[in-house]
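Chain by chain, the residues run as shown.
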Amino acid sequence: MKNIILVFFSFVILFLSDIDPGYNHFITKKKEDKTYNSTINTASINIIFMLPLFFSSVKDEKINHESKKLSENALSFYLGAQSAIDFLLLKKKKINVQVFDTKNEKKRIKNFIHSYNLSNTHAIIGPFFRSSLEEVAKNNKNTPIISPLIASDSLNYYPNVIQSETKDIYLVEPILEKIKFIYQKNKIKTLYLIGEDPSKKMTNFLKKKLLQWNIHFQIYYLKNNFVHISQNIPFFAIFLGGNPVLGKDFIDFIKNNEKIIPFGVGYHNIYDKNISLLRKYKFIFTKKYHLNQNDENKRKMFHFIKNKFVNHLNKYQLLGFDLTYDILEKLFENKNLFKTIDKRSFSGLIRKYKYHKVSDKGGYINKGLWVIRF
């Protein structure tokens, strides 16, 4: 007999009486209740999605273009999450899913948090934005709150906030480890940072790490005008990304310097056009998103979600799938998510999750990323 996962969907709404019937095939319509009493089953895994869906506004065409796009992305994210639940049908678990339409309004979020019984909720996924996440975290200190898209230093101080998005600065860590290894062997001391780093966060993080290791480099930051620089001694160069012109200039920079040891932070399409050249230098670059079909289970996942959405598969559906799958698997192991969140990493379809506790009093950050070698 097949194991069955029992999923109960409800849609929690504040000050909203109508739902577009077109969306109703995934969500059960629920009548307004001013006390918002929870009907959650204590024996089930209970999660709440807090997303800017703008359901009634979309129906009545009362929202601007920006909010409409936000609504589309939020719905895509949720449909991807629902697909992850469907994929887990062979797990003998009960899941209660509730969805709250934030409409990206702090007042609605605050009213919901103060009016709804969250004592049996095992995880909240969302809201999308930092200020809204902080609003939930301030008023609810016991339930794990997963930030699906935003990573911010200001979220580090909330002990129950789990940031699933990898900060850009962490993309440079595997590259620095490789540089450290080569330095210890060959004592190369010159490093070029090339491309766009407007806030200097990547540059400052890199310098801080090198000082921690007591490695003293000559570091040059060049946003552009670097093509004609030529070095007669071995040196490192890290391309920080940027526009297509900078990508072409970076390739020309490699061609003009045989002693270069190049790396890349973030994907650039210029790499795919110069694979043979980059392979010669054993080029390594890091990225946050990468379509992963390296094993049979990942291929099954991808074909499952692709069959659901056919030619309408997008980034937000894949992110919703990956995050929900990982969180549910950890909750299956232990309903106290804080007991499992940083115990093992997970490789999804496009994103990796490797959580670390920020500090004894802080929350959790994701340092999961892809390292691509040519």
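Just so we're clear, the structure is a prediction, and the values are computed from it rather than from any experiment. (Residues numbered from 1 in each chain as written. Predicted model: local features only at pLDDT ≥ 70, side-chain atom pairs only at ≥ 80, totals over all residues. Heavy atoms only, no water.)

Peer 1: Mind showing me how you'd approach the overall build of the chain here?
Peer 2: Tallying secondary structure elements over the chain gives ten helices and 16 strands in all. Buried residues in the chain amount to 53% of all 374 residues. Accessible area for the chain stands at about 18400 Å²; split by element, carbon and sulfur atoms hold 49% of it. (Helix = DSSP H or I, 4+ residues; strand = E, 2+ residues; numbered from the N terminus. Buried < 20%, exposed > 50% of the residue type's maximum accessible area, 1.4 Å probe, protein only. Areas by Shrake-Rupley, 256 points an atom, 1.4 Å probe, with all protein chains shown as cover.)

Peer 1: Just to check I follow, could you spell out the pairing of strand β7 (residues 190-194) for this structure?
Peer 2: Side-chain positions along a regular strand alternate between the two faces of the sheet. Where burial is concerned, most of β7 is hidden: five out of the five residues are buried. Going residue by residue along β7, you find Thr-190, Tyr-192 and Ile-194 tucked away on one face and Leu-191 and Leu-193 tucked away on the opposite face as well. Bridge analysis of β7 against strand β8 (residues 218-222) gives five bridges, and the strand direction is parallel. Within β8, the position partnered with Leu-193 by the bridge is Tyr-221. (Pairing = 2+ DSSP bridges.)

Peer 1: Looking at this structure, how should I read the confidence of the model for the chain?
Peer 2: Averaged over every residue, the pLDDT of the chain is 85; the share at 70 or more is 86%. The low-confidence segment residues 1-6, where pLDDT is below 50, has 18 contacts with residues more than four positions distant or belonging to other chains. This model gives residues 8-38 a pLDDT under 50, and the stretch forms 71 contacts once residues within four places in sequence are excluded. (pLDDT = per-residue confidence, 0-100. Contact = heavy atoms within 4.5 Å.)

Peer 1: Help me out: how do you make sense of the pattern of salt bridges in this one?
Peer 2: If charged atoms from side chains of opposite charge come close, those side chains can pair. Counted according to the given criterion, the structure contains 16 salt bridges. One salt bridge in this structure joins Lys-248 and Asp-252, with 3.3 Å as the shortest N-O distance. One end of the pair is Lys-248 and the other is Asp-252, both in helix α7 (residues 244-255) and four residues apart, which spans about a single turn. A relative accessible area of 48% places Lys-248 in the partly exposed class. Lys-343 is the partner of Asp-342 in a salt bridge, and the nearest nitrogen-oxygen pair spans 3.2 Å. For Lys-343, a relative accessible area of 58% translates into the label exposed. (Salt bridge = Lys/Arg side-chain N within 4 Å of Asp/Glu carboxyl O.)

Peer 1: Even after reading the chapter, I still don't get the packing of aromatic side chains, so can you show me in this structure?
Peer 2: Taken as a whole and assessed by the stated rule, the structure comprises 31 aromatic pairs. Pairing Phe-87 with Phe-321 gives two aromatic rings, centres 6.1 Å apart and planes at 65°, and the pair type is edge-to-face. Of this pair, Phe-87 sits in helix α2 (residues 65-87) while Phe-321 sits in helix α10 (residues 315-333); the two residues are 234 residues apart in sequence, bridging distant segments of the chain. For Phe-321, a relative accessible area of 0% corresponds to the buried category. Ring geometry for Tyr-192 versus Phe-235: centroids 5.3 Å apart, planes at 75°, classification edge-to-face. Taken together, the residues span a long stretch of sequence, with Tyr-192 in strand β7 and Phe-235 in strand β9 (residues 235-239) at a distance of 43 residues. Each member of the pair, Tyr-192 together with Phe-235, is buried. Among the aromatic side chains, those forming a connected cluster through ring pairs are Phe-87, Phe-304, Phe-321, Tyr-325, Phe-346, Tyr-353 and Tyr-355. Taking the ring centre of Tyr-316 as reference, the NZ or CZ of Lys-315 above it sits at 5.8 Å. (Phe/Tyr/Trp six-rings, centres within 6.5 Å; stacked < 30°, edge-to-face > 60°. Lys NZ or Arg CZ within 6 Å of the ring centre and 35° of its normal.)

Peer 1: Any chance you could explain the sheet that holds strand β16 (residues 370-373) here in plain terms?
Peer 2: Sheets are built from strands that pair by backbone hydrogen bonding, the pairs being arranged parallel or antiparallel. The six strands lie next to each other as β8-β7-β9-β10-β11-β16, forming an open sheet whose pairing is mixed. Across the chains shown, the open sheet's two edge strands, defined by having one partner strand only, are β8 and β16. Shown here is a sheet whose adjacent strand axes are inclined to one another by a mean of 20°, direction ignored. Pairing of strand β10 (residues 260-265) with strand β11 (residues 284-287) involves three bridges; the strand directions are parallel. By the bridge assignment, Phe-263 is partnered in β11 with Ile-284. (Axes fitted to C-alpha atoms, helices over the stretch in contact; angles between N-to-C directions.)

Peer 1: So what exactly am I meant to see when it comes to the packing of α2 against helix α9 (residues 296-309) here?
Peer 2: Working note: a packed helix pair is described by the angle between its axes plus the distance between those axes. Put simply, α2 and α9 touch, their axes get as near as 11 Å, and they point 125° apart. Comparing their axes, α9 and α2 come out oblique. The way α2 lies across α9 gives a crossing that is right-handed. Along the contact surface, α2 presents Leu-79, Gly-80, Gln-82, Ser-83, Asp-86 and Phe-87, while α9 presents Asn-297, Lys-300, Met-301, Phe-304, Ile-305, Lys-308 and Phe-309. Its residues placed into classes, the contact of α2 with α9 shows six nonpolar, four polar and three charged. (Parallel < 35°, antiparallel > 145°, perpendicular 65-115°, else oblique. Left-handed = near helix turned anticlockwise from the far one by under 90°. Nonpolar A, V, L, I, M, F, W, Y, C, P; charged D, E, K, R; others polar.)

Peer 1: Teacher, can you tell me more about a positive patch on the surface here?
Peer 2: Positive charge collects at one region of the surface, where Lys-178, Lys-185, Lys-282 and Arg-373 lie side by side. The residue Lys-185 is located in helix α5 (residues 173-186) in this model. What makes Lys-185 exposed here is its relative accessible area of 64%. (Patch = residues over 30% accessible without salt bridge, like charges linked within 9 Å, V, L, I, M, F, W, Y side chains within 5 Å. Lys, Arg positive; Asp, Glu negative; His and termini not counted. Charge placed at Lys NZ, Arg CZ, Asp CG, Glu CD.)

Peer 1: How should I be thinking about the packing of α2 against α10 in this particular structure?
Peer 2: Close contact between α2 and α10 brings their axes to 6 Å; oriented N to C, the two are set at 45°. Classed by the angle they form, the pair α2 and α10 counts as oblique. Crossing handedness for the pair α2 and α10: right-handed. In this structure, α2 uses Asn-73, Ser-76, Phe-77, Gly-80, Ala-81, Ser-83, Ala-84, Ile-85 and Phe-87 to contact α10, whose residues at the interface are Tyr-316, Gln-317, Leu-319, Gly-320, Phe-321, Leu-323, Thr-324, Tyr-325 and Leu-328. Its residues placed into classes, the contact of α2 with α10 shows eleven nonpolar, seven polar and no charged.

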